[in-house]
Amino acid sequence: MQATFADVLASMFAEADHLAELGATVDGATMLRAWARRWEAALREHELATLSVSEAAEEEGKHYSTIWRAVKSGRLPNVGTTHRPRVRRCDLRGTRGPT
């Protein structure tokens with residue numbers, strides 16, 4: 001099973017808490033928290049990234065028209081313009097169906 005950004009982030013926060021409970025030096029726990037914050041920021045940036053309809057379709061393994069219809073109907077928020085729609089990666093979860 002491949003770890004996701006969220007899995008890595010949760011693991012880093014847990015390890016930092018564990019080190020602090022054990023009385024580890026502040027440097028170790030501080031270092032892990034700093035890395036966790038970086039991963040958290042990277043995850044947020046990844047999820048909030050905007051994609052064209054074509055990019056979203058490719059990423060989701062769907063046909064272009066499937067994503068286009070979802071945007072046109074309002075099921076998928078358009079964060080671009082009327083003639084150049086864009087969608088946030090995090091909003092695509094609703095188009096994925098059961099996993």
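Residues numbered from 1 in each chain as written. Predicted model: local features only at pLDDT ≥ 70, side-chain atom pairs only at ≥ 80, totals over all residues. Heavy atoms only, no water.

Overview of the environment of Arg37
For Arg37, the location among the structural elements is in helix α2 (residues 26-48). The exposure class of Arg37 is partly exposed, given its relative accessible area of 47%. When the C-alpha positions of Arg37 and Phe13 are compared, they lie 8.9 Å apart, and in sequence the two are 24 residues distant. (Helix = DSSP H or I, 4+ residues; strand = E, 2+ residues; numbered from the N terminus. Buried < 20%, exposed > 50% of the residue type's maximum accessible area, 1.4 Å probe, protein only.)

Topic: the side chain of Arg89
Inspection of the secondary structure assignment puts Arg89 in the loop between β2 (86-88) and α5 (93-96). Residue classification places Arg89 among the buried positions, given a relative accessible area of 11%. At 2.7 Å, the side chain of Arg89 and the backbone oxygen of His46 are in polar contact. (Polar contact = N/O pair within 3.5 Å; in protein donor to acceptor, adjacent residues only side chain to side chain.)

Details of the pattern of salt bridges
Taken as a whole and assessed by the stated rule, the structure comprises four salt bridges. Arg86 is paired through a salt bridge with Glu55; the nearest N and O atoms lie 3.7 Å apart. With a gap of 31 residues between them, Arg86 in strand β2 and Glu55 in helix α3 (residues 53-60) connect regions that are remote in the sequence. (Salt bridge = Lys/Arg side-chain N within 4 Å of Asp/Glu carboxyl O.)

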